[in-house]
Amino acid sequence: RVVGEMPTRELTQATLLRRSSDALKPCSGKLPLRLEDDATTNGSRRFFTVDLFDPCWVFVQAPLDGVTAIEVGAGQLPYNFQLGKDIANVVPRPASQSADGELLVKVGTCSGATIATLPLLTASRNSGVSLLRAALPTTTGKHDLCFVFTGGSRDLLWAIDAVQLIQ
């Protein structure tokens with residue numbers, strides 16, 4: 001007996017190169033939550049999987065053969081969580097290029113080389129999900145890609161909606 005519609009997914013080369021935030025691996029898994037986007041919308045709202053203490057994600061064994069660019073859907077949420085003394089456990093990542101911060105893409109490990117820097121200036125002025133895009137250096141094989149946001153504000157929590165590798 002069918003209770004609702006069966007979800008379907010199209011399997012294409014592009015979908016094989018895409019990961020939503022819930023399909024990305026959290027870097028530490030200290031306090032991961034599934035949070036609803038607070039942006040106004042006429043349709044359904046998006047959900048982000050994000051670790052409140054360490055908002056950091058890994059695309060495990062990303063297939064980088066032929067990949068020339070990356071596109072990341074980034075959303076922001078108000079950081080209004082009452083952590084008390086546990087606020088000291090939040091991993092700080094100061095902005096390196098602008099006061100608005102950036103999304104860093106690192107290869108191998110989260111302390112590995114930065115292969116892309118995606119500025120958050122435009123995204124910081126958008127209450128919904130912003131698409132950030134950057135070219136990637138030519139890389140072959142499969143490698144972990146680590147994603148971390150920088151910025152000094154504890155009033156804002158950046159989260160990844162999805163990552164798309166582009167050939």
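Heads up: these notes are all about the structure in this document. (Residues numbered from 1 in each chain as written. Predicted model: local features only at pLDDT ≥ 70, side-chain atom pairs only at ≥ 80, totals over all residues. Heavy atoms only, no water.)

## Observations concerning the overall build of the chain
Filter applied, for reference: Strands are runs of DSSP state E lasting at least 2 residues, helices are runs of H or I lasting at least 4, and numbering of each runs from the N terminus. Only the C-alpha atoms count toward the radius of gyration. The rule for a globule is 2.2 Å times the residue count to the power 0.38.
Secondary structure assignment for the chain yields 1 helix and 11 strands. Listing the helices and strands of the chain from first to last along the sequence gives α-β-β-β-β-β-β-β-β-β-β-β. Radius of gyration (C-alpha) of the chain: 16 Å, near the 15 Å computed for a compact globule of 167 residues. C-alpha atoms of the chain, sized along the principal axes, occupy 50 × 45 × 30 Å.

## Remarks on the state of the cysteines
Applicable threshold: The disulfide definition used here is simple: a pair of cysteine sulfur atoms within 2.5 Å. Three exposure classes are used, based on accessible area relative to the maximum for each residue type with a 1.4 Å probe and protein chains only: buried under 20%, partly exposed in between, and exposed over 50%.
Under the defined criterion, the tally for this structure stands at 2 disulfides. For Cys 27, the disulfide goes to Cys 56, at an S-S distance of 2.0 Å. Disulfide Cys 27-Cys 56: the torsion about the S-S bond is -65°, which places it as left-handed. With Cys 27 in the loop between β2 (25–26) and β3 (32–36) and Cys 56 in strand β5 (residues 56–63), this pair connects stretches of sequence that are 29 residues apart. Disulfide pairing places Cys 110 opposite Cys 146 at an S-S distance of 2.0 Å. As the torsion about the S-S bond is roughly 100°, the Cys 110-Cys 146 disulfide counts as right-handed. Placement of Cys 110 in the loop between β7 (102–107) and β8 (114–119) and of Cys 146 in strand β10 (residues 142–149) is noted, with a sequence separation of 36 residues between them. Classification of Cys 110 by relative accessible area gives partly exposed; the value is 31%. Once the disulfide-bonded cysteines of the chain are ranked by sequence position, their pairing pattern turns out to be 1-2, 3-4.

## Details of the nonpolar core
The line we're drawing: As used here, the term nonpolar core means buried Ala, Val, Leu, Ile, Met, Phe, Trp, Tyr and Cys residues forming a set that is joined through side-chain atoms within 4.5 Å.
Grouped together as the largest cluster of nonpolar side chains are 38 residues, with contacts concentrated most on Ile 70, Leu 145, Phe 147 and Leu 165. Breaking this core down by element, the ones donating at least two residues are β4 (47–51), β5, β6 (69–78), β7, β8, β9 (130–135), β10 and β11 (156–166). Residue contributions to this core peak at 6 residues, all from β11.

## Observations concerning the sheet that holds β9
Within a sheet, neighbouring strands are paired by backbone hydrogen bonds and run either parallel or antiparallel to one another. Condition: Paired strands, in this sense, are two strands between which DSSP finds at least two bridges. In this description, a line fitted to the C-alpha atoms serves as the axis of each element, helices being fitted only across the stretch in contact, and the angle between N-to-C directions of two axes falls anywhere from 0 to 180 degrees.
Pairing is antiparallel in the open sheet, where 4 strands are placed in the order β1-β11-β6-β9. Whereas interior strands pair on both sides, the edge strands pair on one side only; in this sheet they are β1 (18–20) and β9. Mean inter-strand twist for the sheet, computed between neighbouring axes without regard to direction, equals 25°. Here β1 runs beside β11; their pairing, made up of 3 bridges, is antiparallel. Bridge pairing in β11 links Arg 19 to Val 163.

## Here we look at the sheet that holds β10
Spatially, β2-β5-β10-β7-β8 is the arrangement adopted by the 5 strands of the open sheet, whose pairing is antiparallel. Looking at the sheet topology across the chains shown, the edges are occupied by β2 and β8. The pairing of β7 with β10 spans 5 bridges and is classified as antiparallel. Bridge pairing in β10 links Leu 104 to Val 148.

## Some points on the pattern of salt bridges
In plain terms, the rule: The term salt bridge refers to a side-chain nitrogen of Lys or Arg lying within 4 Å of a carboxyl oxygen of Asp or Glu.
Scanning the model with the defined rule gives 5 salt bridges in all. A salt bridge links Asp 161 to Arg 46, with the nearest nitrogen and oxygen atoms 2.7 Å apart. With Asp 161 in strand β11 and Arg 46 in the loop between β3 and β4, this pair connects stretches of sequence that are 115 residues apart. On the accessibility criterion, Asp 161 (12% relative accessible area) is buried.

## A look at the packing of aromatic side chains
Worth spelling out the cut-off: Side-chain rings of Phe, Tyr and Trp (the six-membered ring for Trp) are treated as a pair once their centres are within 6.5 Å; stacked means planes under 30 degrees apart, edge-to-face means over 60, and tilted covers the remaining angles.
In this structure the tally under the stated criterion is 2 aromatic pairs. Pairing Trp 57 with Phe 149 gives two aromatic rings, centres 5.8 Å apart and planes at 90°, and the pair type is edge-to-face. Of the two residues, Trp 57 sits in strand β5 while Phe 149 sits in strand β10, which places them 92 residues apart along the sequence. Of the two residues, Trp 57 and Phe 149, both sit in the buried class. For the ring pair Phe 149 and Trp 158, a centre distance of 5.7 Å and an interplane angle of 20° mean the geometry is stacked.

Worth remembering: the numbers are spatial, not functional.
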